[in-house]
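Chain residues, written in single-letter form:
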Amino acid sequence: MKLYYSPGACSLSPHIVLEESGLPYEAVLASTKTHQLLDGTDFYTINPLGYVPLLELDSGERLREGPAIVQYIADQAPDTGLAPPAGTLARYRLQEWLTFIGTELHKAYSPLFKPATPEAYKPIAREHLAKRYAWIDGQLAGKPYLLGETFTAADAYLFTVSNWARAVGLDLNGHAHLQAYLARVRARPAVQAALKAEGLLK
């Protein structure tokens, strides 16, 4: 498999899941600024939408969208627990979290990164995110990961988007359960490996 990524972008989530899975893969840097690969290839010829992540399978088929990609990877390594078995309520809980993170957090961060966003709107976006994180903090009380005792693909996604908070001026320090959770995830060897591979560890 081949993962097209940009350092620190949402592609960090499947990068972590690949590391956790133990499956062989190749990570290919695809700049979200120049939309070119290191060899000069136009990334739009690979993904017409121009964004990461994109996973190229051994068959040559390509998958877009992080939540779909991480579930595919997890299903190739079922013994890891990265995704509960299909058809179980736990699997729908995973999908519930992946959808929540994608729609309520990931997309809410987007305006804060765009230069064209009116300054008057940014406090509204931060307030929305702050309320969602306050709720997440409560959900993490008494359990190490989102679904309980087992690290899943949803944890990789939440960790990834939460790394953007400081860059957009969002203070998460008041959430003790969340802070302990993020530290716990960051300490995982696979997460460390993905961060190192993307040049995100000092």
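Throughout, residues of each chain are indexed from 1 in the direction in which the sequence is written. Local features are withheld for residues below a pLDDT of 70 in this predicted model, meaning they are given only at 70 or higher, and side-chain atom pairs are given and counted only at 80 or more; totals for whole chains, interfaces and linings count all residues. As a rule here, side-chain values cover all heavy atoms of the structure and leave hydrogens and water aside.

Here we come to the overall build of the protein chain. Helix numbers and strand numbers start at the N terminus; a helix is a DSSP run of H or I with at least 4 residues, a strand a run of E with at least 2. Tallying secondary structure elements over the protein chain gives seven helices and four strands in all. Counted from the first residue to the last, the protein chain has its helices and strands arranged as β-α-β-β-β-α-α-α-α-α-α. Taken against the 2.2 N^0.38 rule, which gives 17 Å for 202 residues, the C-alpha radius of gyration of the protein chain at 17 Å falls within 12% of a compact globule. Partly exposed describes any residue whose relative accessible area lies between the buried limit of under 20% and the exposed limit of over 50%, with all areas from a 1.4 Å probe on protein chains only and scaled to the type maximum. Classification of the 202 residues of the protein chain by burial places 47% in the buried group. Residue contacts are counted whenever heavy atoms from the two residues lie within 4.5 Å of one another. Long-range contacts, defined here as pairs at least 24 residues apart, represent 64% of the contacts in the protein chain between residues at least 6 apart. As defined in this context, the radius of gyration uses C-alpha atoms, and a globule is described by 2.2 Å times the residue total to the power 0.38.

Once that is clear, we can look at the UniProt feature "domain: GST C-terminal" (unreviewed entry) in the protein chain. UniProt positions are given in the numbering used here, feature names are shortened, and annotations may be inferred rather than shown by experiment. Per the UniProt record, "domain: GST C-terminal" (unreviewed entry) is annotated on residues 87-202. Note that residues 87-202 is 63% helix and 0% strand, and that its end C-alpha atoms are spaced 41 Å apart.

Structurally, the position occupied by Asp137 is in helix α4 (residues 122-139). Residues scored as positive are Lys and Arg, those scored as negative are Asp and Glu, and His as well as the terminal groups of each chain are ignored. The term salt bridge refers to a pairing of a side-chain nitrogen on Lys or Arg with a carboxyl oxygen on Asp or Glu at a separation within 4 Å. In this structure Asp137 is buried but unpaired, with Arg184 as the nearest side chain of opposite charge at 9.9 Å. Apart from the residues within four sequence positions on either side, Asp137 is in contact with His175, Ala176, His177 and Leu178.

Moving on, we come to the side chain of Lys122. Residue placement: Lys122 occurs in helix α4. The term polar contact refers here to a pair of N or O atoms within 3.5 Å; inside protein, the definition further demands a hydrogen-donor-capable atom paired with an acceptor-capable atom, and it admits residues adjacent in sequence only when both atoms are side-chain atoms. One polar contact links Lys122 to Glu119, side chain to side chain, over a distance of 3.1 Å. In this structure, Lys122 is in contact with Pro111, Leu112, Lys114 and Thr117, ignoring residues within four places of it in sequence.

So, on to helix α3 (residues 89-113). Between its terminal C-alpha atoms α3 stretches 35 Å, which fits the 36 Å expected from 25 residues at 1.5 Å a residue. Approximately 30° is the largest bend angle found in α3, and it occurs at Gly102. By this rule, a helix spans an expected 1.5 Å times one less than how many residues it contains. Two axes enter the bend calculation: one fitted to the seven residues ending at the residue in question, the other to the seven starting there, and the bend is the angle between them.

Right, let's talk about the UniProt feature "domain: GST N-terminal" (unreviewed entry) in the protein chain for a bit. Sites flagged by UniProt as "domain: GST N-terminal" (unreviewed entry) map to residues 1-81. In this annotation, residues 1-81 is assigned 26% helix and 17% strand; the end-to-end C-alpha distance for the span is 20 Å.

Turning our attention to the sheet that holds strand β3 (residues 54-56). In short, DSSP must find at least two bridges between two strands for them to pair. Overall, mixed pairing links the four strands, which are arranged β2-β1-β3-β4 in an open sheet. Strands at the two margins of the open sheet, each flanked by one partner only, are β2 (26-29) and β4 (62-64). If you compare each strand with its neighbour and ignore which way they point, the axes differ by 20° on average. Bridge count between strand β1 (residues 2-5) and β2: four bridges; the pairing is parallel. Counted as the bridge partner of Tyr5 is Leu29 from β2. Orientation is described by lines fitted to C-alpha atoms, with helices fitted over the stretch in contact, and by angles between N-to-C directions that extend from 0 to 180 degrees. Sheet strands touched by helix α2 (residues 66-76): β3 and β4. Its angle to β4, the strand with the most contacts, is close to 130°.

By the secondary structure assignment, Arg91 is in helix α3. Its relative accessible area of 5% is what places Arg91 among the buried residues. Through-space distance from the C-alpha of Arg91 to that of Leu129 is 25 Å; in sequence the pair is 38 residues apart. Discounting residues that sit within four places of it in the chain, Arg91 has contacts with Gln71, Asp75, Ala83, Pro84, Pro85 and Ala86. Within polar-contact distance, the side chain of Arg91 engages the side chain of Gln71 at 3.3 Å.

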